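What follows is each chain in one-letter form.
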There are 2 protein chains.
Amino acid sequence: MSGRVLSIQSHVVSGYVGNKAATFPLQVLGYDVDAVNTVQYSNHAGYRRFAGTNSQATELDSIFEAMKKNGLFRANRILTGYVPNASSLQSIANLIKWMCSGENEIMYLLDPVMGDDGRLYVSPDVVPVYRDVLLPLATVITPNWFEVEILTGIKITTMASIKSAVEKLHSVHGVPHVVISSLPLTAELEAEVAAVTRPAARSNSAYSGDNLLCITSSASAAKEGPVSNVHAICIPRIKGYYSGVGDLFSALVLAHFRPTEGSEALSDATTLALSTIQEILLRTYEHCESLAEEERPPTDDEADAADAERRVRRMRARELRIIQNMECIRNPPRERCMARWTGFWD
Amino acid sequence: MSGRVLSIQSHVVSGYVGNKAATFPLQVLGYDVDAVNTVQYSNHAGYRRFAGTNSQATELDSIFEAMKKNGLFRANRILTGYVPNASSLQSIANLIKWMCSGENEIMYLLDPVMGDDGRLYVSPDVVPVYRDVLLPLATVITPNWFEVEILTGIKITTMASIKSAVEKLHSVHGVPHVVISSLPLTAELEAEVAAVTRPAARSNSAYSGDNLLCITSSASAAKEGPVSNVHAICIPRIKGYYSGVGDLFSALVLAHFRPTEGSEALSDATTLALSTIQEILLRTYEHCESLAEEERPPTDDEADAADAERRVRRMRARELRIIQNMECIRNPPRERCMARWTGFWD
């Protein structure tokens, strides 16, 4: 593969989230990466203790202006992730609008990083910028279920609500390709997808026992027939919470996506991304297990509240092992593929 | 290889200098890289037109403080490059002093980026910080000839002056390992090194015809005998000027250096670094030649003065092809090795 990606995300000195999680995999897969850092922090916010500064909109504007004048916006793929506030996001939106109106065909992957598990972790005024300005420009979006809820205003609780949300993203917001990266697999959902995809049978002490569902949906070109082509896969969840997984995921989907390759293009790219990620998570888990016990205290909010260093040690132990696993970025193991969900729209 | 490098340099959104030139090669060679960005610019200053901001000393201090508290200074190798001003450099110097006084053995490669070809391109008040605070902490330094002159106060014109400068770096400034990355090969010098190393016989339209000399010098542990072990190699210069070569070089020397492997350790590392660099430069030159003629105007200061875009096009065309040549980072071609210069101190 080759090409150039403009990646606009956070930078952390230590650890792997934002551009630190995205840049290396994209480069290993052959892309030049023009990396705009929306913040420079010591480490990710999950440590609770962190320091650094946000890039201001005026700074971003002046960098973009110089790059325009120097003819340096040569990327044909754009990736955006965490942006801390609405003014910076607006500056980025202006740039992307300009790039998309140019001569080059642009593939824009928007990861609308806003929150997780029902908690918003950006300033609320970024929401309308994502929804009204950036969604219409995106080729692919990779929200988690909570971000789907924020963007569509639809609570994702039932099969019917998932359909409504996906349909709304395609038809109201005009997004051609939607990837919902991780839906908790409720009993209803599990029954619905049972005929399409089942959790991996393989047992492994790294698996927590519950599963996540990943869905891709590419809008149909045809006026007749279903709204979109849908694929799905069930993934066994690995014990523990790891930061930066979403950032790594969106970078890998963008890297592998070849939209000219037909109706399976998005699910193929997502299969490759998930294969790499599952492998990196397993190896990160194993690394973590190999550490001395006091270096990897299990999640326990009460114990963390009593001892802040406890959380810090856990965060440190769980940093993604991206560099050590370059080979599974270059050659994803691809054990299981996403399956076509033919009855999704029935 | 594995390990962790703390790399403190500039960040450019587009192109390959500073951390953009250093991080990917270090990662490909197996190192986790904790990257502190001393600036965020649109592109390198050689374009003349650029925008962005410098990280302030207070910002660096607060990032370092959070990382200390979070136990995130786990690197056993440190690399420093371009730092725009003395207050930031002092903040970095304080950190390195602290790290070097800790329990871990630290290998610190100091690239005293101050200028080239007789021209200083940092604020003059950084010079005493490099000379008085950082030199005594460094394991390896990789100055060019002009930076050797600034650090030692010795004009490098004759064989005798090179000896004096290298001796001063070892004995007065206490630097164990010195690499002078590129000395213009004067007639006197050429005669002196003729018995040690000769320019490559291979002719190639990419070569300009003149040669550069690279010298490594590792201080002797023994009290008796010569000051140091010296190695040298003559390298045919490739046509054109390419930015970021020094940054790539210092990162590769640091990556390959295994000081426990005896008196050839530094020259071995430098051989590997130079092999990769010469290959990347050749491929960058070839890429440049493959572009339309108007995209690669030759160096011509007068023509540049009349048309600023001319210089911008040249800079764009000459960005190092690092990503495309990952293989020659992983497996340096190693056609020619540095040769021991036994008579250097005679």
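Residues numbered from 1 in each chain as written. Chains lettered and ligands numbered in written order. Predicted model: local features only at pLDDT ≥ 70, side-chain atom pairs only at ≥ 80, totals over all residues. Heavy atoms only, no water.

What follows concerns the overall build of chain A. If you tally the helices and strands in chain A, you get 12 helices and 12 strands. Expected size for 346 residues packed as a compact globule is a radius of gyration near 20 Å; at 20 Å, chain A falls within 12% of this value. Summarising its shape, the C-alpha atoms of chain A cover approximately 55 × 50 × 35 Å along the three principal directions. Put simply, chain A has 346 residues, and 60% of those count as buried. (Helix = DSSP H or I, 4+ residues; strand = E, 2+ residues; numbered from the N terminus. Rg over C-alpha atoms; globule rule 2.2 N^0.38 Å. Buried < 20%, exposed > 50% of the residue type's maximum accessible area, 1.4 Å probe, protein only.)

Residues and elements named next belong to chain A. For Q9, the position within the fold is in strand β1 (residues 3–12). The exposure class assigned to Q9 is buried, which follows from its relative accessible area of 1%. Of note is the side chain of Q9, whose polar atom sits 3.3 Å from the side chain of S7. The residues touching Q9, leaving out its near neighbours within four places in the chain, are G18, N19, A22, V36, N37, T38, V39, L79, G81, Y82 and D247. (Polar contact = N/O pair within 3.5 Å; in protein donor to acceptor, adjacent residues only side chain to side chain. Contact = heavy atoms within 4.5 Å.)

This next bit is on helix α11 (residues 308–317) of chain A. Residue and element names in this part refer to chain A. When you tally the buried positions in α11, you get 7 out of 10 residues, the bulk of the element. Regarding α11, the residues found buried are R310, R311, V312, R314, M315, R316 and A317. Buried residues belonging to α11 abut α9 (265–290) and α10 (301–306). Between the side-chain oxygen at the start of α11 and the backbone nitrogen of E309 there is a gap of 3.1 Å, and the oxygen is on D307.

Residue and element names in this part refer to chain A. The phi angle at D117 is positive, at roughly 50°, despite the residue not being glycine. Mapped onto the elements of the fold, D117 is located in the loop between β6 (115–116) and β7 (119–120). The exposure class assigned to D117 is exposed, which follows from its relative accessible area of 60%.

Turning chain B through 180° and shifting it by 0.0 Å along the axis lays it on chain A, with an RMSD of 0.0 Å. Taken together, these values place the two copies in the relation of a two-fold axis. If distances are taken from each C-alpha of chain B to the rotation axis, the shortest is found for B:F24, at 3.4 Å. Taken together, the interface assignments show that 100% of the residues at the interface of chain B recur at the interface of chain A, consistent with an identical surface on both copies. (Least-squares fit on C-alpha atoms with pLDDT ≥ 70 in both.)

The subject of this paragraph is the UniProt feature "domain: Pyridoxamine kinase/Phosphomethylpyrimidine kinase" (unreviewed entry) in chain A. Sites flagged by UniProt as "domain: Pyridoxamine kinase/Phosphomethylpyrimidine kinase" (unreviewed entry) map to residues 74–183 of chain A. With 41% helix and 19% strand, residues 74–183 of chain A has its two end C-alpha atoms placed 35 Å apart. (UniProt positions renumbered as here; feature names shortened; annotations may be inferred.)

So, on to the pattern of salt bridges. Residues and elements named next belong to chain A. Summed over the entire model, instances satisfying the criterion amount to 30 salt bridges over all chains. D32 is paired through a salt bridge with R4; the nearest N and O atoms lie 3.9 Å apart. Residue D32 is located in strand β2 (residues 31–41), and its partner R4 is located in strand β1; the two are separated by 28 residues in the primary sequence. For D32, a relative accessible area of 7% corresponds to the buried category. On the accessibility criterion, R4 (14% relative accessible area) is buried. Because the salt bridges share partners, they merge into one network encompassing D304, R310, R311 and R314. (Salt bridge = Lys/Arg side-chain N within 4 Å of Asp/Glu carboxyl O.)

Residue and element names in this part refer to chain B. The 10 strands lie next to each other as β3-β2-β1-β4-β5-β8-β9-β10-β11-β12, forming an open sheet whose pairing is mixed. Strands with a single pairing partner mark the edges of an open sheet, and in this sheet they are β3 (52–54) and β12 (339–340). Taken together, the 4 bridges between strand β4 (residues 77–80) and strand β5 (residues 107–110) define a ladder with parallel strand orientation. Among the inter-strand pairings, I78 is bridged to a residue of β5, identified as Y108. (Pairing = 2+ DSSP bridges.)

Moving on, we come to the environment of A:N211. Residues and elements named next belong to chain A. Summarising the element assignment, N211 is placed in strand β10 (residues 207–219). Between the alpha carbons of N211 and P199 there is a distance of 6.7 Å; along the sequence they are 12 residues apart. For N211, the residues in contact, after removing those within four places along its chain, are L183, P184, L185, P199, I235, P236 and R237.

All right, on to the environment of B:E295 then. Residues and elements named next belong to chain B. Looking at the element boundaries, E295 is found in the loop between α9 (265–290) and α10 (301–306). By relative accessible area, which is 29% here, E295 ends up partly exposed. Spatially, the C-alpha atoms of E295 and P333 are 30 Å apart, while their sequence positions differ by 38 residues. Excluding its chain neighbours within four sequence positions, the residues that come into contact with E295 are R313, R314, R316 and A317.

With that out of the way, let us pick up the packing of aromatic side chains. Residue and element names in this part refer to chain A. Taken as a whole and assessed by the stated rule, the structure comprises 13 aromatic pairs over all chains. Centroid distance F64 to F73: 6.1 Å. Interplanar angle 65°. Geometry classified as edge-to-face. Ring plane angle 80° and centroid distance 5.0 Å describe the contact between W341 and F344, whose orientation is recorded as edge-to-face. Its relative accessible area of 5% is what places W341 among the buried residues. Three or more aromatic residues joined by ring pairs form one cluster here, namely F64, F73 and W98. (Phe/Tyr/Trp six-rings, centres within 6.5 Å; stacked < 30°, edge-to-face > 60°.)

A few words on the interface of chain B and chain A. Contacts between chain B and chain A engage 46 residues on the former and 46 residues on the latter. Carbon and sulfur atoms make up 50% of the surface buried where chain B meets chain A, a total of about 3,800 Å² over both sides. There are 2 salt bridges connecting chain B and chain A. Put simply, B:E327 and A:R330 hold a salt bridge, and the shortest N to O gap is 3.3 Å. Contributions of two or more residues to the side of chain B that touches chain A are made by β1 (3–12), α1 (18–28), β2 (31–41), β3, α2 (57–69), α11 (308–317) and α12 (326–330) of chain B. Looking at the side of chain B that touches chain A, the element that brings in the most residues is β2(B), giving 8 residues. Here the side of chain B that touches chain A is built from residues that sort into 18 nonpolar, 16 polar and 12 charged. (Buried area = accessible area lost by both parts, 1.4 Å probe. Nonpolar A, V, L, I, M, F, W, Y, C, P; charged D, E, K, R; others polar.)

A separate point is the pairing of β2(B). Residues and elements named next belong to chain B. Counting buried positions over the 11 residues of β2 gives 11, a clear majority of the element. Between the parallel elements β1 and β2, the chain passes through α1 in a crossover that is right-handed. When β2 meets β3, the two strands line up antiparallel, connected through 3 bridges. Across the sheet, Q40 pairs through a bridge with T53, a residue of β3. (Right-handed = clockwise from strand over helix to strand, strands pointing away.)

So, on to the state of the cysteines. Going through the model one piece at a time under the given rule, you end up with 0 disulfides over all chains. Among the cysteines around A:C288, which has no disulfide bond, A:C328 carries the closest sulfur, lying 17 Å off. Look at A:C288 and you get buried, because its relative accessible area is 6%. The thiol sulfur of B:C234 is not disulfide-bonded, and the nearest other cysteine sulfur, from B:C214, lies at 10 Å. (Disulfide = S-S within 2.5 Å.)

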